Structure formats: C-alpha cells, structure tokens
Amino acid sequence: MSETNERLPLQGIRVLELGTLLAGPFSGRLLGDFGAEVIKIEPPDKADPMRQWGKQKDGHGLWWPIQSRNKKSVTLNLRVKEGQEIFKELVKDADVVIENFRPGTMEKWGLSYEELSEINPGIIMVRTSGFGQTGPYKSRAGFGSVGEAMGGLRYVTGFPDRAPARIGISIGDTLAALFATIGCLTALNERHTSGRGQVVDTALYESVFSVMESIIPDYLLADYVRERMGNILPGVAPSNIYKTQDETYIVIGANADGVFKRLCQAMEQPELFENPKYSTHHARSDHMAELDQLIENWTKTLPAIVCLEILEANGVPSGLIYSAKEILEDPQYKEREMIINVKHEELGDFPMPGVVPKLSRTPGKVKHVGAITMGQHNQEVYSNLLGFDSSKIEELTRNNII
C-alpha cells in the first residue's frame, strides 16, 4: 500500500464561493474535497435553494449535505455597500472567488474582477454562466437544461420516435463545474509563474458542446446530422442493452474487433467473427440491428448473472444497469470507498459519494457535511480572518449585513 500524506493537496488555498444551486457550488465542492478552505457565502435573508432540493428527511434536504460538504457557511449581504466592503476585506487573503450569477451582477455590486484584482492581484475569479461573459447572449438567464439543449446534448438524447429527452441528472451544470474547476486549477498553477490571477470564464452551453464528439465535422464534412438513437451509438456496434432470461437488461460493449471476437467465443458462435457482415467495425455498423438481435437471442437463454459470468470470463465489457440499491450492494464500490458515511448533527450517519479521483499519495477527504444552519461559521470566519469582535458581529447581524 502506498504511503499517504495527511496534508491535502489544496490545503492553503482559500475559496470564496458565491452563487447558488449547482454549477458554481459544485466547483467549490470539488476544490473542498482536496483540502481548499471553501467559504460558502449566502445572503442573510435568502438561503441557497439547494438547501431544500432533493428528497427530504426530517425537514432536511438530502442534496445539500453533499453539495456543501467541507465548506464553511457564512452570511453576507452583497447588495449593500457595507457588505461589499466586507467582501473586499475577505478577498485580500483569498485565492479564488467562485460565482455563477448572471453576467454583470458582480460589476453592479462593485465587485468586478478588475476591482478585486486591484485589492489582490493574485485573485482568480471563476465565473460560470449560461452563455459566458461575452457575446450577444451573455445577459440571458441560463440553467443547465438550456445549456444541454443549446449545446446539442438534448437533440441526441432519447429514442428516434419520441421528443428529445433529458438525462436523469443535472449533467449540464456538472459538466460546467468540471470545466470551471479545471480552469481554476490551471490558473492556480499558472500563477506560480506570473504571480497574477485571471478570470476563468465557463459557459454552460460550451461545456456541454465540448463533449459532443464529432457532431460538427460530421455535419460539415460528411453531411450527417447525428440523431436520437436510443440505447445505441451511431457507427458503434455491438454496444447496447440486451434482455436476459430473467427479464433483466445487461449492457454489453464489444465494438472493438478483438473484443467482438471474444464475444463470439463467449456465445459459442465463433463463426460470427468470420462473417463479412460482422468482421469489421464498419460492417458491424452497417448490420447493427441484426447483430444486436443475434446477441439478444443468446442473452435471453441465460439468467443475467450467468450471462455476465461468461462474458467476464471471456474479457467482454459488460454489466448490470444499477439503481441505488445495486450500487450499495456492489463490492467494488465498497472496496473503493465510493459510499462513505459522514456524521450529520440531525440525521446521524449520512451516506454520500466518496472523493473522485483517487490520488495515491495525497487523497482527498470529506471532513464534514454541509452546514445545517446559515451563517454557522460567521463567528469563526469574521473573527479569525477579519478580526471582528463579538459586538461588531452582533451589530452586523442586527443590521442584516451578515
């Protein structure tokens, strides 16, 4: 077992997280997982709606403890001058500001990157919005769903005889958060050379579009528009779901030549690999439907567990389609610590996803769930970082500044 270091890799990096819901705060979560001190800032009169999103248990939203894990919670009214001045004081000793407001909001508050960089030249501002900080659409409101639609993902999601569908999670926001985090880490690394911060400008629609593979050259160079194709990918076969004897669906991905040969051996039909209709990548694409039918004719003769054992023995990528129940029962998840329990003051042990990715020497860590109450760390942050005494904090609280 490799030696691990107790010091987390982003320890010493201070992040001020503004904004609500998903994309911006998810970036804060990722940075916090690896040791950054993330200070989550909410208006004193308006909680982040994420506190109530998802299913609830005893009045507590079950998404918030995950999204806001490892973060300190403070309140601050950025709509008033005194709150803005306090924020500027926090910026002096910060490394990163995360915000996902509509472009122009920070400028309206006198908290533009230009103004903040005068206070702290090394500050990095991570800005996530629907359409970015420039362009004719920059002022439009934009949720992840709109980014998924205009980034091209919704058009290819679903079945050809039905309207476009959505993926069952907020994938547009998550993709934007991932790209924003990559940008943040890149800017932090570059700062070692220049000593200066910069703006990381991430748009929801661009983040979705960036993972849309070859749809543009497909259209411009091959006059092809990728359409909704259900459970298959255009030109990739076999790669589908297949029903088994016990009415369970399994996924099989055997589109590479060598893997397809092993699938034919697993099916005890080695002659399929020699058949010109299936022997090459393009041939299998041209005869996708009939090939999928041949495979399902085989899977339907066996229970799912037996089918998967045979496929595994032959080195064919395959698996069950998991719900939460199967995830919790799977030994791979347990061995990799992908379901962890973190103490929640009201709910006891709180299960949540573990840290991704796994670092061998300086792995990330979840120290605590998201703060239950707004401003839970006001005293700690404003006293320790800004030197406010108790009377000052009480005055700011009475005046709705914090």
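Above: the structure in question.
Predicted model, so just to flag it, every value in this text is computed and none were measured.

Thoughts on helix α7 (residues 171-194)
It helps to recall that an α-helix has 3.6 residues per turn; residues three or four apart then point in one direction.
Reasoning step 1: Between its first and last C-alpha atoms α7 spans 34 Å; for 24 residues at 1.5 Å apiece the expected length is 34 Å, and the two agree.
Reasoning step 2: Two residues or fewer after α7 comes Gly195, characterised by a positive phi angle close to 75 degrees.

Re empty space enclosed by the protein
Reasoning step 1: Counting across every chain of the model gives 1 cavity of 30 Å³ or more.
Reasoning step 2: In this model, the largest cavity occupies a volume close to 30 Å³.
Reasoning step 3: Lining the largest cavity are Arg14, Glu89, Leu90, Asp93, Leu385 and Leu386.
Reasoning step 4: In terms of residue class, the lining of the largest cavity is made up of 3 nonpolar, no polar and 3 charged.

Describing the packing of aromatic side chains
Reasoning step 1: This structure, assessed with the given rule, holds 6 aromatic pairs.
Reasoning step 2: A ring pair is formed by Phe131 and Tyr137, whose centres lie 5.6 Å apart and whose planes are at 80 degrees; its orientation type is edge-to-face.
Reasoning step 3: Taken together, a centroid distance of 6.2 Å and an interplanar angle of 45 degrees make the contact between Phe260 and Phe273 tilted. With Phe260 in helix α10 (residues 257-266) and Phe273 in helix α11 (residues 271-274), this pair connects stretches of sequence that are 13 residues apart.
Reasoning step 4: By relative accessible area, Phe273 is classed as buried at 16%.
Reasoning step 5: Of the aromatic side chains, those joined through ring pairs into one cluster are Phe131, Tyr137 and Tyr205.

Let's talk about a nonpolar patch on the surface
Reasoning step 1: There is a patch of nonpolar side chains on the surface, built from Tyr155, Phe209, Ile216, Tyr219, Leu220, Leu221 and Val225 and spanning about 740 Å² of accessible area.
Reasoning step 2: Examining the composition of the nonpolar patch, we find that 4 residues originate from one element, helix α9 (residues 215-222), more than from any other.
Reasoning step 3: By the secondary structure assignment, Val225 is in the loop between α9 and β9 (239-243).

A look at the layout of surface pockets
Reasoning step 1: Looking at the largest pocket, its volume works out to about 950 Å³.
Reasoning step 2: Lining the largest pocket are 31 residues; nearest its centre among them are Leu62, Trp63, Ile66, Ile169 and Pro353.
Reasoning step 3: Looking at which element gives the most residues to the lining of the largest pocket, the answer is strand β13 (residues 348-353), with 5 residues.
Reasoning step 4: Looking at side-chain class alone, the lining of the largest pocket contains 20 nonpolar, 6 polar and 5 charged residues.
Reasoning step 5: In this structure, the second largest pocket spans a volume of roughly 820 Å³.
Reasoning step 6: If you trace the second largest pocket, you find 35 residues lining it, with Thr20, Leu21, Asn100, Phe101 and Phe143 closest to the centre.
Reasoning step 7: When contributions to the lining of the second largest pocket are tallied by element, the ones reaching two or more residues are β2 (37-42), β7 (124-129) and α6 (144-150).
Reasoning step 8: In terms of residue count, the dominant contributor to the lining of the second largest pocket is α6 (3 residues).
Reasoning step 9: Of the residues belonging to the lining of the second largest pocket, the class tally is 17 nonpolar, 10 polar and 8 charged.

Here is what the cut-offs are and how they apply
- Residues numbered from 1 in each chain as written.
- Predicted model: local features only at pLDDT ≥ 70, side-chain atom pairs only at ≥ 80, totals over all residues.
- Heavy atoms only, no water.
- Helix = DSSP H or I, 4+ residues; strand = E, 2+ residues; numbered from the N terminus.
- Expected span 1.5 Å × (residues − 1).
- 1 Å grid on protein atoms, 1.4 Å probe; cavity = no way out; pocket = protein on both sides within 12 Å on 5 of 7 lines; lining within 4 Å.
- Points joined across faces, edges and corners; volume = space filled by probe spheres on them.
- Nonpolar A, V, L, I, M, F, W, Y, C, P; charged D, E, K, R; others polar.
- Phe/Tyr/Trp six-rings, centres within 6.5 Å; stacked < 30°, edge-to-face > 60°.
- Buried < 20%, exposed > 50% of the residue type's maximum accessible area, 1.4 Å probe, protein only.
- Patch = residues over 30% accessible without salt bridge, like charges linked within 9 Å, V, L, I, M, F, W, Y side chains within 5 Å.
- Areas by Shrake-Rupley, 256 points an atom, 1.4 Å probe, with all protein chains shown as cover.
- Salt bridge = Lys/Arg side-chain N within 4 Å of Asp/Glu carboxyl O.

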